[in-house]
Structures are given as structure tokens and as C-alpha cells.
Amino acid sequence: MTITVITCTYNAADELPRTLASVESQDYDQVEHLIIDGKSKDDTMKLVREYEEKSRGASPHQIRAVSEPDGGLYDAMNKGIQMAEGDYLVFLNAGDAFKDEHTLQRVAHAALMPDEKPAVIYGDTDIIDDRGHYVGRRRLAPPEALSWKSFRHGMLVCHQAFYARTDLAKAIPYDLKYRYSADVDWCIKIMKSAASYRLPLVNTHAVLACFLDGGMTTTNHRRSLRERFSVMCRHYGVASTVVMHLWFALRGVISRRHTR
């Protein structure tokens, strides 16, 4: 079973080395690493070429890279999906990393089921800073049993810890009308597709990803929240979404009071 790791970059020379080293360190050898670059103007592609050269003949991993103008992060992700040749795919962007060298081995083991291959394999996420130091566990934790309805309570599984079957992903591109929350919409759609085919979603019960704090969604927090509200209304209905967001607000107030 091959796992495709998709890394989208743009002027990411400072953050990229940690991600490349993390993929290179994996002890699972059936890995396809796709690097989708948006025509960076810094040393990003120089690092990628060095990575390719270093891995040639010395690593079983398949590495492919493209560098060309794109329409933004989600457009680059769509390119990665269409290029993917593995059985599963995951997005690990510049600055992000796997939890340890055994992460993909755990994912591959979770995919070994007697009947149909799972639609999604998922796990938990740690947050790291720009030096790669541990900040804490992601506040939202994956449920024991995940379904498309789970995301009514927020994005309980981080994008970097969400492994989708490639055949399902190729049929469900990111919706480019969303600038900040297309990943939430995409994950819900993947899980809806899984439900329609009655395919399982498998919990690894492990931390799978180390997510770099301060990405695009964080820096555009208010816009992201408005867009995410729109995504949730689309999938869960307006009334349900409003009720859940009132609960989110109340929970935030209670949490702040307890931390004083």
C-alpha cells in the first residue's frame, strides 16, 4: 500500500527543511512525496532539488515536484490530488511534520482490514512553534467514532491527521470559492462519500501530526470563522449551526472564567 504525502509550498524555504526531513525519516518505504510549489521566489525549489538528489538511489520514497503559478493553496492541493498515485493521501505542508518516524507505518497498519479499505484513517495532532518545539496538544480532539456529522462540533480532526482514500479524493476536489475553510468542507464531503458507500473511518488512537501554529487560517482568523460558519450551514443547516455556535461562545466564556 502506497501513501502519498502532498506538500504545497510558496516561498517556504525557512519552514520546508523540517517537513522534508520528517518525510525522509519515515521507516515505511511505500511513500510517494509530491511537492506542489507555486513558483516560489526564494530558495524553496533549491531545497527541493537538493532533497530529490539526496534521495535518489538512497531512499525508497518516490519524489515528484512541480513549480508553477497557481490560484492559491487549495488550487495547489487540487493539483496534488490529481497527481497522486498512492492508495491514501495526506497533506503535510511546509513547517508541519509527522509525529515520529513510525507515523506512516501506523497508518498503513490501520488500513489493513479484512473487507473494504477504510475511507479515512485519522488521529490526533500536536501543535509546534516555528522552531519545531512542542506547544501543546490540539484543543479539539478526534472522537472515538468519527462521521461526517462529527464536524458540527468543529474540525475535530486536523487536516494533517486525516488520511483519505485517493480514489474518493480524486472525485471530490477542493471548492475554490472558499479561501480559508475549503479543507473543512473537503473533509466533510469525503466523510459523506464514505457514508454513502458504507466505508469505515478508522481511528489510529495515536498522534499522527505536528502542526505548525500560525498558518493561513490563524492569520485570517475572523474571515476564516465567517467562512467556516458558511460551510457548516451548507452541510448541517442554518438552525443547527447557529445553535452550535452559541454553544461555542458559551463554552469559551466558561473556559476563560476557569483559567482566571
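Attention in this report is confined to the structure presented alongside it. Residue positions are given per chain, counting from 1 as you read along its sequence in written order. Given that the model is predicted, a residue must reach a pLDDT of at least 70 before its local features are reported, and side-chain atom pairs must reach 80 or more before they are shown or counted; all residues, however, enter totals for whole chains, interfaces and linings. The basis for the side-chain values is all heavy atoms of the structure; hydrogens and waters are excluded.

A few words now on the overall build of the protein. Under the scheme used here, helices are H or I runs from DSSP no shorter than 4 residues and strands are E runs no shorter than 2 residues, and both carry numbers assigned from the N terminus. Along the protein, the regular secondary structure elements total nine helices and nine strands. Against the globule reference of 18 Å for 260 residues, the protein gives a C-alpha radius of gyration of 18 Å, in line with a compact fold. With the C-alpha coordinates aligned to their principal axes, the bounding extent of the protein is approximately 55 × 45 × 35 Å. For the protein, the residues scored as buried account for 52% of the 260 residues in total. Contact between two residues is taken to exist if any of their heavy atoms lie within 4.5 Å; hydrogens are not considered. For the protein, long-range pairs separated by at least 24 residues make up 78% of all intrachain contacts whose partners lie at least 6 apart in sequence. Element-wise, carbon and sulfur atoms account for 52% of the exposed surface of the protein, whose accessible area totals about 12,800 Å². Between the averaged position of the 34 positive side-chain charges in the protein and that of its 33 negative side-chain charges there is a distance of 10 Å. In this treatment the radius of gyration is a C-alpha quantity, and the globule benchmark scales as 2.2 Å times the residue count to the 0.38 power. Relative accessibility thresholds used throughout: buried, under 20% of the residue-type maximum; exposed, over 50%; partly exposed, between the two (1.4 Å probe, protein chains only). Note on areas: Shrake-Rupley with a 1.4 Å probe; residue coverage comes only from the protein chains shown. Only four residue types enter the charge count: Lys and Arg as positive, Asp and Glu as negative, with His and the chain ends excluded. One atom stands in for each charge, and that atom is NZ of Lys, CZ of Arg, CG of Asp or CD of Glu.

This brings us to helix α1 (residues 16–24). Three or more residues of α1 are buried, namely L16, T19, L20, S22 and V23. Take α1 and look down its axis: the buried residues cluster within an arc of 160°, on one side only. Of the surrounding elements, those touching the buried residues of α1 are β1 (3–9), β2 (31–37), α2 (44–55) and β5 (97–98). The arc in question is the one traced by the directions running from the helix axis out to the C-beta atoms.

Salt bridge, as used here, is a side-chain nitrogen of Lys or Arg placed within 4 Å of a carboxyl oxygen of Asp or Glu. Overall, the coordinates contain 16 salt bridges when judged by the stated rule. As a salt-bridge pair, K99 and D126 come within 2.7 Å of each other at their nearest N and O atoms. Residue K99 is found in the loop between β5 and α4 (103–110), and its partner D126 is found in strand β6 (residues 120–128); the two are separated by 27 residues along the sequence. As a salt-bridge pair, R165 and E116 come within 3.3 Å of each other at their nearest N and O atoms. Pair noted here: R165 is in strand β8 (residues 162–165) and E116 is in the loop between α4 and β6, with a separation of 49 residues, a long-range link. On the basis of relative accessible area, R165 is assigned to the buried category, the value being 7%. On the accessibility criterion, E116 (45% relative accessible area) is partly exposed. Salt bridges here are not isolated pairs; linked through shared partners, they connect K99, D124, D126 and R137.

Working definition: rings of Phe, Tyr and Trp (its six-membered ring) pair if their centres are within 6.5 Å, and the pair is stacked with planes under 30 degrees apart, edge-to-face with planes over 60 apart, and tilted otherwise. Here the structure, examined in full by the defined rule, presents six aromatic pairs. Arranged with centres 5.7 Å apart and planes meeting at 5°, the rings of W148 and Y236 form a pair that is stacked. Placement of the pair is W148 in the loop between β7 (134–137) and β8 and Y236 in helix α8 (residues 221–236), with a sequence separation of 88 residues. Look at Y236 and you get buried, because its relative accessible area is 12%. Ring centres 4.8 Å apart and planes at 15° place the aromatic pair Y174 and W186 in the stacked group. Taken together, the positions of Y174 in the loop between α5 (166–170) and α6 (182–196) and W186 in helix α6 put the pair 12 residues apart, joining distant regions of the chain. Like Y174, the residue W186 is buried in the burial classification. An aromatic cluster is present here, built from Y74, F91, F162, Y174 and W186 joined pairwise through their rings.

Geometry only, nothing functional implied.
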